[in-house]
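# Observations on the three-dimensional arrangement
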Amino acid sequence: MKKIVFILLAIGLLAFSCKTRSTETVTVDLTPQDSLAATKAALTLPEEPVFDIVTTEGTIRVRLFKDTPLHRDNFSKLALAGYYDNLLFHRVINGFMIQGGDPFTRDTSLVTRWGEGGPSYTIKAEMRDADGNPLHRHVKGALAAARQGDLANPFKESSGSQFYLVQDPEHCVHLDGEYTVFGETIAGLHVIDKIAAQPTDHLDRPLKEIRILSVKPNKELNNN
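Our subject in this report is the structure included herewith. All figures in this text were calculated on a predicted structure; none of them were measured in a lab.

The rules we used
Residues numbered from 1 in each chain as written. Predicted model: local features only at pLDDT ≥ 70, side-chain atom pairs only at ≥ 80, totals over all residues. Heavy atoms only, no water. Helix = DSSP H or I, 4+ residues; strand = E, 2+ residues; numbered from the N terminus. Buried < 20%, exposed > 50% of the residue type's maximum accessible area, 1.4 Å probe, protein only. Contact = heavy atoms within 4.5 Å. Areas by Shrake-Rupley, 256 points an atom, 1.4 Å probe, with all protein chains shown as cover. Salt bridge = Lys/Arg side-chain N within 4 Å of Asp/Glu carboxyl O. Phe/Tyr/Trp six-rings, centres within 6.5 Å; stacked < 30°, edge-to-face > 60°. Pairing = 2+ DSSP bridges. Polar contact = N/O pair within 3.5 Å; in protein donor to acceptor, adjacent residues only side chain to side chain.

### Let's talk about the overall build of the protein
- Looking only at helices and strands, the protein features five helices and nine strands.
- Written out in order from the N terminus, the α and β elements of the protein read α-α-β-β-α-β-β-β-β-β-β-α-β-α.
- Looking at the 224 residues of the protein, the share that counts as buried comes to 49%.
- Long-range contacts, defined as pairs at least 24 residues apart, comprise 75% of the intrachain contacts of the protein with a sequence gap of at least 6.
- When the accessible area of the protein is evaluated, it comes to approximately 10,600 Å², of which 56% is carbon and sulfur surface.

Next comes the structure, spelled out in structure tokens:
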């Protein structure tokens, strides 16, 4: 029973992370100039680029998948434009995952709206192959896109910026084929564990600030 309750809460968390938006503006877009420059820079990267997510707790190195090109290109563009710099991991559940990518988390005065922020677009789901099977599974360190819940989002389109990293695959298996997994951790799994183990409040917000300092392409690996 305890495991069932945990799974139900976990599903609610990922859906709530990008909850239905209010009538107020809750989006943060790149400027056209930044978007164009970052898009051009992304075109110089390999099919499966490697990025270093540098955090206050250490570096998580991820490789993006070529068979999820919409998510790969969007993450690359935002990273190259500095969109993720100085954002918090705003939702953390030990034994499940860590979540970040909300631009509102730069501002502690917006704490009641953390989990709502992102650009003014969503990304078409890239969850299943031609036979309807999950394209990628929620293994430990999987990089996946958060999204709104099914009622507000019947096509399961992804948030434009919010993502999560799997800490415990046993509690994420039910998410396979429901959320788009678009990358994998190739170094720094211990950093995910370290972040996941941080004490949190009743809304799963870490009690101390855990920030993404930067998300940068790994020049050495991308040039190989």
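### Overview of the pattern of salt bridges
- The tally for this structure, following the rule as stated, stands at 15 salt bridges.
- A salt bridge links E178 to R128, with the nearest nitrogen and oxygen atoms 3.8 Å apart. With E178 in the loop between strand 7 (158-166) and strand 8 (181-187) and R128 in the loop between strand 5 (122-123) and strand 6 (143-147), this pair connects stretches of sequence that are 50 residues apart.
- The class of E178 is partly exposed, set by a relative accessible area of 22%.
- Two residues, D176 and R137, come together in a salt bridge whose shortest N-O distance is 3.3 Å. Within this pair, whereas D176 is found in the loop between strand 7 and strand 8, its partner R137 is found in the loop between strand 5 and strand 6, the two being separated by 39 residues in sequence.
- What makes D176 buried here is its relative accessible area of 12%.
- Owing to a relative accessible area of 48%, R137 belongs among the partly exposed residues under this scheme.

### Things to note about the environment of T59
- Take T59: it is sitting in strand 2 (residues 58-64).
- Excluding residues within four positions of it along the chain, T59 makes contact with D52, I53, V54, A187, G188 and V191.

### Observations regarding the packing of aromatic side chains
- For the coordinates displayed, the defined rule picks out eight aromatic pairs.
- On the basis of an interplanar angle of 35° and a centroid distance of 5.2 Å, the ring pair of F75 and Y84 is categorised as tilted. With respect to burial, F75 and Y84 carry one shared label: buried.
- On the numbers, 6.0 Å between centres and 85° between planes, the contact of Y83 with Y84 is edge-to-face.
- Residue classification places Y83 among the buried residues on the basis of a relative accessible area of 5%.

### Some words on the pairing of strand 8
- Here strand 2 runs beside strand 8; their pairing, made up of four bridges, is antiparallel. Within strand 8, the position partnered with R63 by the bridge is E184.
- Here strand 6 runs beside strand 8; their pairing, made up of two bridges, is antiparallel. Note that in strand 8 the partner of L143 across the bridge is G183.

### Observations regarding the side chain of T105
- Within the secondary structure layout, T105 lies in the loop between strand 4 (97-100) and strand 5.
- Overall, the relative accessible area of 0% leaves T105 in the buried class.
- In terms of polar contacts, T105 uses its side chain to reach the backbone amide nitrogen of L88, at 3.0 Å.
- Not counting the four nearest positions on each side in its chain, T105 is found in contact with L87, L88, H90, W114 and R211.

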